[in-house]
Amino acid sequence: MKKVNRGGGWPAVWYTWSKAREVGGIVKLWKAMRSKNACKTCALGMGGQDGGMVNEAGHFPEVCKKSLQAMASDMQGAIRGDLFSTYSLPQMQAFTPRELEYCGRLTAPVIREAGSQYYRPIGWDDALGRIAAKLKQLPPNETFWYASGRSSNEAGFLLQLLVRMYGTNNVNNCSYYCHQASGVGLGSSVGVGTATVTLEDVELADLVFVIGGNPASNHPRLMRTLMQVRRNGGEVIVINPVVETGMVNFSVPSDVRSLLLGSPIASLYVQPHIGGDLALLAGIAKRIEEVGAADEQFASTHCEGWDEYRSFLHSLDWNDITSRSGVDLRTIDEIAKRYFAAKSAVFSWTMGITHHLHGVQNVQAIANLALLRGMVGKPHSGLLPIRGHSNVQGMGSLGVTPALKDAVLRRLESHFGVQLPTEPGLDTMACMQAADEGRLKFGFCLGGNLYGSNPDANYAREALGKLDMLVYLSTTLNTGHAHGLAAGDTMVLPVLARDEEPQPTTQESMFSYIRYSDGGPRRHEGPRSEVELIAEIGRRVLGNRQSPIDWQRLANHGEIREAIGAIIPGWEEISDMDRTKAEFHIAGRRLSTPTFPTTTGKARLHVHELPDSRLADGELRLMTVRSEGQFNTVVYEDYDLYRGQDRRDIVLMHPDDLAERGLAADQPVTIASQVGAMRAIVRPYAKIRPGNVLMYYPEANVLVPRDVDPASRTPAFKNVAVTIEPAVGTPNCLQIAPEFAAEGSSKAQMRSC
Ligand SMILES: Nc1nc2c(c(=O)[nH]1)N[C@H]1C(S)=C(S)[C@@H](COP(=O)(O)OP(=O)(O)OC[C@H]3O[C@@H](n4cnc5c(=O)[nH]c(N)nc54)[C@H](O)[C@@H]3O)O[C@H]1N2
Ligand SMILES: Nc1nc2c(c(=O)[nH]1)N[C@H]1C(S)=C(S)[C@@H](COP(=O)(O)OP(=O)(O)OC[C@H]3O[C@@H](n4cnc5c(=O)[nH]c(N)nc54)[C@H](O)[C@@H]3O)O[C@H]1N2
Ligand SMILES: [Mo]
């Protein structure tokens, strides 16, 4: 297994060629990548009307492995018709996420009925008829609706409208397992739930903090921006228990100097313990205040809670801060010095911050630190949650959420002349609990992998298993289709990818920039447009009631955009987008003056109790993270280039922890938590902070407890107490036959054990 000593670079360029070979040539891949559609992977907002591979600041070419993988995945051949009759569900459950992905594109609806061990084909009309009949029979509050962040604004808006017209608010999106803590934390601190900066602000900042994230692997195109910050003489401070290769040095493939020589990214790399951020952030703030570097004028004029916050900082004990964070005083002082020296600063963060039982507090602590020096509400400074899915932010903006803002609810009602339910809906974990308790009977998943993204995988399987009907709208197979089976009908309905849509769609980036995607020719007969399917369900279920909504008309994306423009504040320009094609920033999100969109016009400083992070004797703290070769529950390659690992069933551990337990490299072990146990092999990994261990999501989800942060309802995917013991016995292994690899997929990747 080759290990690289910096991110990006030639391996990324080489990868482009190998992917091109798989999908039928560089010209074909180039055309697909350059089509006028927003990039399908992360929320950095590439593409759109600028053509693929152009970022929001107009820079070209911006390409990353992930976007190639996602594109190549959609360019795969169709799943073989006999796959579902060849393999029973227990067999499919043994397949790895990667094997399922490489079976190819879903092109025909399939159903698994009660008691059957197999999926079988079903006609569209039959499938939609069954869904409509079930929905008509059930009380609306016995249904739930989940969306991932891949679908368009148009599909998201229509879905929530359908759900509310039908009569429930049980609609939510993957953000409850992702950046919900950012939305809640930011809203409670500065009054907006999204980034307060644009991409250019980040590039021009004196200092950028990257906390709890690995953008070198997960948002590679942000690396050009970070490279630029360093070239401008600025600083990048990375806070992460793991030294991530690409965050130290990254070779931006589209920059010749960087490609050849690499670019330094972190100017300071700080390794706290998992969950130590709250103590660390408070410590930096305390130090800033101690040395008289706080902007008291700003804090007292533009913030509420300054006196309490200052007393809180005074009350903190340094020993407590250093022991809980795992960071020594000298390092904290060094961070404070660099922060103090910067005239502008952007604070960015990802899942290392939100995937905790105190995720919202983490985000508030970041906002506190920024406000303490007046670093929000001015150019080149502010707060940046680095979003995951390419349109997850749009899903939130357009109300694919269990609660709507009052103004949006009123405008929805008056625009359509309807009355919508006001009883609060259920968030994602609440839906799983309600399903487990038998209070929900029907589930609908617009993309994603609800089973695979859930903590406590065994519980998720059981909870979904109690539903009468579960419907998936998907592009490719994933573990959810094999494990997430209802007691009654489970249906998988194939949909078109964004760049195959017959009508244009839109997406919102993490900088609140609305991209306009042209769509394009379909690659397969069979899959249908998401909007068309949602509208069809609306027509079948509500059409014959006295519905003032013409569902057929709303299958027209232009009609949906008009409604969005009239209803969602800041989105007015979308109504006219078919004519103008002008992409735009949502009004009111960037904060360039210190007037905050809160009821008082001021920001709020929050005080927190530092969490008790003690472990029992012998326990270690586990984070479940992504490798370089995956996008969430979709695994493209088993190897993790940046961490130099050739397989996924591993637990990375500091050599000292290994030695202490008398474990040897590659020894099979059993990892156990409060909710589950699994087998893996242990690998020494000197770049992780001792006492902390790393495993890959989604395989390790059997270990993650279901407890959630009370404020954001997000599980602690990054903070699981585990024990690690030598394993006994031999593991089972079942493989899919290589001939089931789809045309245009990585056939060589099919065999896994
Ligand atoms: N290639 C690729 N790109 C992706 C995705 C993907 O799966 N693959 N997923 C997309 C999605 S939906 C999302 S949300 C983002 C996720 O992007 P990230 O948040 O970068 O992804 P994770 O792998 O979850 O890892 C988080 C990082 O947090 C660190 N960490 C863990 N615990 C802590 C902690 O307690 N404190 C601190 N400070 N750091 C900690 C880990 O060491 C790791 O480097 O990426 C998006 N982009
Ligand atoms: N242990 C652990 N668990 C986690 C995390 C973690 O770090 N650790 N991360 C969490 C995070 S941040 C997130 S966002 C969630 C991810 O949760 P989800 O968003 O639910 O899961 P994905 O794996 O992104 O979904 C992938 C599937 O989406 C479908 N798909 C792809 N493109 C399209 C499309 O255009 N339309 C439709 N309809 N379907 C499409 C494909 O069938 C593919 O298999 O997982 C969470 N779970
Ligand atoms: Mo995410």
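Just so we're clear, the structure is a prediction, and the values are computed from it rather than from any experiment. (Residues numbered from 1 in each chain as written. Chains lettered and ligands numbered in written order. Predicted model: local features only at pLDDT ≥ 70, side-chain atom pairs only at ≥ 80, totals over all residues. Heavy atoms only, no water.)

## Details of the sheet that holds strand β9 (residues 263-264)
The test is simple: Note on pairing: two strands pair once DSSP finds at least 2 bridges between them. Helix and strand definitions follow DSSP, with helices as H or I runs of at least four residues and strands as E runs of at least two, each counted in order from the N terminus.
One open sheet accounts for three strands, arranged β1-β8-β9; its pairing is mixed. Each end of this open sheet is capped by a strand with a single partner; those strands are β1 (7-8) and β9. Across two bridges, the pairing between strand β8 (residues 249-251) and β9 is antiparallel. Within β9, the position partnered with Phe250 by the bridge is Ser263.

## Concerning the site of ligand 2
The condition that has to hold: A molecule or strand has a residue near it when one of that residue's heavy atoms lies within 4 Å. Polar contacts, as counted here, are pairs of nitrogen or oxygen atoms within 3.5 Å of one another; within protein the pair requires one atom able to donate a hydrogen and one able to accept it, and residues that are adjacent in sequence qualify only if both atoms are side-chain atoms. Using the Shrake-Rupley algorithm and a 1.4 Å probe, accessible areas are obtained, with residue cover drawn only from the displayed protein chains. Residue polarity follows a fixed list, in which Ala, Val, Leu, Ile, Met, Phe, Trp, Tyr, Cys and Pro are nonpolar, Asp, Glu, Lys and Arg are charged, and the others, Gly among them, are polar. Throughout the structure description, domain borders are defined by an automatic or database domain assignment.
With respect to spatial proximity, 29 residues lie near ligand 2, and among them Tyr146, Arg150, Glu530, Thr633 and Asn701 are the closest. The contact in question runs from a nitrogen atom of ligand 2 to an N or O atom on the side chain of Thr624, over 2.9 Å. Expressed as a share of its isolated accessible area of 920 Å², the protein-covered part of ligand 2 is 97%. Split into classes, the residues belonging to the shell around ligand 2 amount to ten nonpolar, 15 polar and four charged. Of the domains in this structure, domain 1 (108-178 + 391-585) and domain 3 (620-726) are the two that each give at least three residues to the shell around ligand 2.

## Notes on the domain arrangement of the protein chain
What counts, and what does not: We call two residues in contact whenever any of their non-hydrogen atoms come within 4.5 Å of each other. Buried area is a sum: the accessible area each of two parts loses on coming together, probed at 1.4 Å, counted once for each and added.
Each assigned domain of the protein chain is listed here: domain 1 (108-178 + 391-585), domain 2 (180-386) and domain 3 (620-726). Averaged C-alpha coordinates put domain 2 and domain 3 at centres separated by 25 Å. Listed per partner, the contact involves 28 residues of domain 2 and 28 residues of domain 3. The junction of domain 2 with domain 3 conceals about 2200 Å² of combined surface from both sides, 56% of it contributed by carbon and sulfur atoms.

## Structural notes on the sheet that holds strand β18 (residues 513-517)
Two modes of strand pairing occur in sheets, parallel and antiparallel, and in both the strands are linked by backbone hydrogen bonds. Strand order in the open sheet made by the three strands is β17-β18-β19, with antiparallel pairing throughout. The sheet terminates laterally at β17 (505-508) and β19 (584-585), the two strands that pair on one side only. Direction of pairing for β18 relative to β19: antiparallel, over a ladder of two bridges. Pairing of Tyr513 across the sheet is with His585, part of β19.

## Some points on the side chain of Arg515
Under the convention used in this document: Throughout this description, buried means an accessible area under 20% of the type-specific maximum (1.4 Å probe, protein chains only), exposed means over 50%, and partly exposed covers the range between.
For Arg515, the position within the fold is in strand β18. On the basis of relative accessible area, Arg515 is assigned to the buried category, the value being 1%. In terms of polar contacts, Arg515 uses its side chain to reach the side chain of Asp50, at 2.9 Å. Within the structure, Arg515 has its side chain in polar contact with the side chain of Glu583 (distance 2.7 Å).

## Some points on the pattern of salt bridges
To keep things clear, this is the line we draw: Only one rule defines a salt bridge in this text: a Lys or Arg side-chain nitrogen within 4 Å of an Asp or Glu carboxyl oxygen.
According to the stated counting rule, one finds 44 salt bridges in the structure shown. For the salt bridge of Glu536 with Arg539, the shortest nitrogen-to-oxygen distance reads 3.1 Å. Taken together, the residues span about one helical turn, with Glu536 and Arg539 both in helix α28 (residues 530-542) at a distance of three residues. Look at Glu536 and you get buried, because its relative accessible area is 15%. With relative accessibility at 36%, the residue Arg539 sits in the partly exposed group.

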